[in-house]
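As a plain string of letters, each chain reads:
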Amino acid sequence: MYPNLLALSQEGNGYPLGVTSTSGSSSNKGSWVQLSSGLAVPTFCFRNVCWGTDEYRYFFDLGIGSAGNEVVIAQDIMYALDHGYWNFAYDGFTFPLYIPPNVRIAVRHKDSDSSARNLYHHFTFDGGYPGNPDMNMGIRKVIAYGVGSNRGTHLTAPTVNYTYGAWTELSSGISEDAKGFLVIFSSDTAIDDGAGIWFSVGIGSSGNEEELVGWMPATWNYYGYNTCSSSSFYFIKIKSGTRVSLRYMIHDVNKDVLNNVYAALYLGV
Amino acid sequence: MINYIEYTGKPSGLTNRSSAFITINPGFRTKSSWQEIEASLPYDIDGFSVISFWSLKGSTGLYDVGIGSSGNEVVLIANLRKEYFDAWQGNDHRREFFVPIPLKAGTRIAMRGQGRGSDSDTCAWCLLYYSKGTLDALQRYYGISKCLTIGANAGDLSCGYRFTVGASWSWGSIHQITSGISKDIKAFSIIAGFSDYDYISSTSTYEFRHELFIGPSGSEIRLKYLYYMYGRYTEGLYPTSNYFIPIPIKAGTRLSIRGTTARSEAEVNDITIYGWY
């Protein structure tokens with residue numbers, strides 16, 4: 001029974017692992033940095049927070065495999081670090097990702113700036129989520145859509161308070177059956193006041209989108225400069241080939257955040 | 001595998017979405033009246049998430065989720081914590097608490113809350129529904145139907161069980177949360193905070209680590225490591241909740257905890273455990 005194994009282990013039971021990775025120049029991925037030579041037990045979830053000292057957006061990969069043979073199992077997870085008050089992304093991200101035991105784990109990242117920047121990663125791996133793939137609820141890989149060049153996909157701004165804007169396509173057709181998804185938002189501007197933002201995820205062809213999740217609140221803080229906000233991982237299945245779109249509404253369309261909302265979609269497969 | 005719902009569009013009768021949001025004015029250290037958040041669930045659900053995402057003043061508080069007709073509400077989740085997060089700017093941090101309890105179509109859901117501060121506040125909440133089939137494997141595996149709240153502190157300035165953590169990465173002493181839990185629990189979730197009332201007025205972030213133990217005094221066995229980040233002007237710790245830790249604990253088991261931080265001075269953290277049974 002894996003809960004008992006987890007209870008007795010260190011790594012794999014929420015024991016924190018931290019490393020610093022350095023991006024490549026010109027917004028390229030840097031080198032892989034080993035996070036663990038291998039966890040003693042299989043784990044079913046990772047949660048991470050990151051921080052650094054420079055106000056850019058960062059995209060990290062999680063990989064498994066020996067040095068030089070890393071295979072990406074979580075791709076381009078987006079962080080936006082704001083202007084110094086909060087040098088980490090608020091709640092971090094949790095993915096119900098299966099990590100096999102005794103396999104080397106490594107991270108690497110790129111940033112939205114042309115210079116190499118450091119990002120400090122702090123991961124915990126544990127069973128703290130219903131992520132056991134034997135229960136068909138866990139995932140084995142995270143695939144990113146709509147990451148774009150440096151901040152996610154620009155979402156169409158709404159024009160009426162509390163009314164959704166038009167749908168924006170994040171994927172014309174996902175490549176694999178997904179067991180669920182998570183959405184990460186960012187902006188690239190300072191926001192002059194807190195803004196209430198709700199998003200909606202839809203599937204289907206253009207003009208025929210059907211809402212899978214609606215009225216989902218996202219955080220937008222006062223010092224939202226470059227801010228980043230994540231949804232939870234929703235166990236809502238989407239079939240391979242399905243087009244996926246996002247839209248959002250805001251409580252006051254006069255807020256500065258309007259027209260500066262970006263998002264990326266992360267599928268768990 | 002079973003429990004894989006194959007679909008290319010929104011299946012009939014399966015709509016995953018949140019309720020409309022409501023705002024609650026919590027009472028001062030006493031629960032407000034119930035406020036309906038869902039008049040009638042439109043379909044069976046395998047579970048739901050309770051989401052708070054805004055408050056006028058961001059006060060720390062304890063909220064109940066109840067089911068039943070008006071005037072006959074039964075508490076389903078007692079004293080769900082909502083921490084103060086960067087409300088300094090008249091805003092608040094979104095947080096989401098996963099509840100693996102199935103409910104039938106037609107169920108009415110209500111919430112009520114109490115704040116710790118004397119100022120009145122207004123907090124916005126909504127529910128996200130996981131329609132039947134979404135979490136079916138979890139339900140069959142665990143069969144959870146109720147929640148046991150452990151360590152909530154409804155009558156004090158803090159929200160949860162308070163304990164002093166060690167400074168400069170030294171472990172604090174082990175504190176007993178409860179001499180014995182009252183039910184067998186199948187899994188649990190945790191919300192920890194920094195409800196020392198006087199948040200750290202610092203531009204820095206700090207790390208906190210906790211260890212949760214089971215067993216009698218002097219013979220504690222570590223059950224779980226927990227890692228947290230603290231940011232400026234907050235009373236909560238990130239992550240805002242630790243979702244569904246699938247470790248069963250027997251009734252009568254003593255629970256205890258200790259903590260440590262990078263800070264050079266000892267701080268008071270608090271913890272509440274939500275046991276699923």
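Residues numbered from 1 in each chain as written. Chains lettered and ligands numbered in written order. Predicted model: local features only at pLDDT ≥ 70, side-chain atom pairs only at ≥ 80, totals over all residues.

**Q** When you look at the overall build of chain A in this model, what are you seeing that I'm missing?
**A** When helices and strands are tallied, chain A shows one helix and 17 strands. Excluding contacts between residues fewer than 6 apart, the proportion of contacts in chain A whose partners are at least 24 apart in sequence is 82%. (Helix = DSSP H or I, 4+ residues; strand = E, 2+ residues; numbered from the N terminus. Contact = placed C-beta atoms within 7 Å.)

**Q** Before we go on, may I ask you to explain the overall build of chain B in this structure?
**A** The helix and strand tally for chain B stands at one helix and 18 strands. Looking at chain B as a whole, 52% of its 277 residues qualify as buried. (Buried ≥ 20, exposed ≤ 12 C-beta atoms within 10 Å, placed from the backbone.)

**Q** Looking at this structure, I do not really get the sheet that holds strand β14 (residues 206-214) of chain B. What am I missing?
**A** Whenever strands of a sheet pair, they do so through backbone hydrogen bonds, lying parallel or antiparallel. All names here are of chain B. Taking strand neighbours across the sheet as the criterion, the four strands line up as β12-β17-β14-β15 in an open arrangement whose pairing is antiparallel. Each end of this open sheet is capped by a strand with a single partner; those strands are β12 (175-178) and β15 (221-230). Shown here is a sheet whose adjacent strand axes are inclined to one another by a mean of 30 degrees, direction ignored. Pairing between β12 and strand β17 (residues 255-261): three bridges, direction antiparallel. In the sheet register, glutamine 176 faces β17, and the bridge partner there is serine 256. (Pairing = 2+ DSSP bridges. Axes fitted to C-alpha atoms, helices over the stretch in contact; angles between N-to-C directions.)

**Q** Sorry, what's going on with the pairing of strand β5 (residues 61-67) of chain B here?
**A** Put simply, side chains in a regular strand alternate between the two faces of the sheet. Residues and elements named next belong to chain B. Of all seven residues that make up β5, six are buried, and the element is covered over most of its length. Note: β5 against strand β6 (residues 74-82), six bridges, orientation antiparallel. Along β6, the bridge assignment pairs tyrosine 63 with leucine 80. Counted along the chain from β5 to the antiparallel partner β6, the turn is six residues long, and its residue glycine 68 has a positive phi close to 125 degrees. Direction of pairing for β5 relative to strand β8 (residues 109-115): antiparallel, over a ladder of seven bridges. Paired with valine 65 across the two strands is methionine 111, which belongs to β8.

**Q** Sorry, what's going on with the domain arrangement of chain B here?
**A** You'll often see interface size given as the accessible area lost when the parts meet. Residue and element names in this part refer to chain B. The assigned domain composition of chain B is domain 1 (22-139) and domain 2 (146-276). Taken together, the contact pairs 20 residues of domain 1 with 22 residues of domain 2. At five residues, the largest contribution of residues to the side of domain 1 that touches domain 2 is made by β6. Of the residues assigned to the side of domain 1 that touches domain 2, the class counts are eleven nonpolar, three polar and six charged. (Domains from an automatic or database assignment. Nonpolar A, V, L, I, M, F, W, Y, C, P; charged D, E, K, R; others polar.)

**Q** Hey, could you run me through the environment of Ala74(A) in this one?
**A** Considering the arrangement of structural elements, one finds Ala74(A) in strand β5 (residues 71-80). With residues up to four places along the chain from it excluded, the contact list for Ala74(A) reads Asp61(A), Leu62(A), Phe95(A), Leu97(A) and Val142(A).

**Q** How do you make sense of the sheet that holds strand β6 (residues 93-95) of chain A when you look at a structure like this?
**A** Residues and elements named next belong to chain A. Strand order in the open sheet made by the four strands is β1-β8-β3-β6, with antiparallel pairing throughout. In this open sheet, the two strands that pair with only one neighbour each are β1 (17-22) and β6. Averaged over all pairs of adjacent strands, the angle between their axes in this sheet comes to 25 degrees, without regard to strand direction. Bridge count between strand β3 (residues 46-51) and strand β8 (residues 118-125): six bridges; the pairing is antiparallel. Directly across from tryptophan 51, in β8, lies its bridge partner tyrosine 120.

**Q** Help me understand the confidence of the model for chain B, please; the structure alone is not making it clear to me.
**A** Caution applies to low-pLDDT parts of the model: their predicted coordinates are not meant to be read in detail. Residue and element names in this part refer to chain B. Averaged over every residue, the pLDDT of chain B is 81; residues scoring 70 or more account for 81%. This model gives residues 1-16 a pLDDT under 50, and the stretch forms 31 contacts once residues within four places in sequence are excluded. Listed scores for the predicted complex are pTM 0.88 and ipTM 0.84. (pLDDT = per-residue confidence, 0-100.)

**Q** For this particular structure, what's the right way to read the environment of Leu223(B)?
**A** Looking at the secondary structure, you find Leu223(B) in strand β15. Sequence separation of Leu223(B) and Phe213(B) is ten residues, and the distance between their C-alpha atoms is 5.0 Å.

**Q** Can you help me understand the environment of Leu135(B) in this one?
**A** Here Leu135(B) is to be found in the loop between β9 (123-131) and α1 (136-142). You can call Leu135(B) buried: it has 25 C-beta atoms within 10 Å. In this structure, the C-alpha to C-alpha distance between Leu135(B) and Pro102(B), residues 33 residues apart in sequence, is 9.1 Å. Sequence-distant contacts of Leu135(B), that is, excluding residues within four places in its chain, are made with Phe235(A), Asp46(B), Gly47(B), Pro100(B) and Tyr130(B).

**Q** I would appreciate a short explanation of the confidence of the model for chain A in the present structure.
**A** With 80% of its residues at a pLDDT of 70 or more, chain A shows a mean pLDDT of 81. For residues 1-8 of chain A, every residue scores under 50 in pLDDT, and the model assigns this stretch 18 contacts once sequence neighbours within four places are set aside.

**Q** How should the nonpolar core be read in this particular structure?
**A** Phe95(A), Phe181(A), Val183(A), Tyr248(A), Ala263(A), Leu265(A) and Tyr266(A) are the most contacted members of the largest nonpolar core, which has 144 residues in total. The contact partners of Tyr266(A), leaving out residues within four places of it in the chain, are Ile77(A), Val142(A), Ala144(A), Phe181(A), Leu182(A) and Ile184(A). (Core = buried A, V, L, I, M, F, W, Y, C linked by C-beta atoms within 7 Å.)

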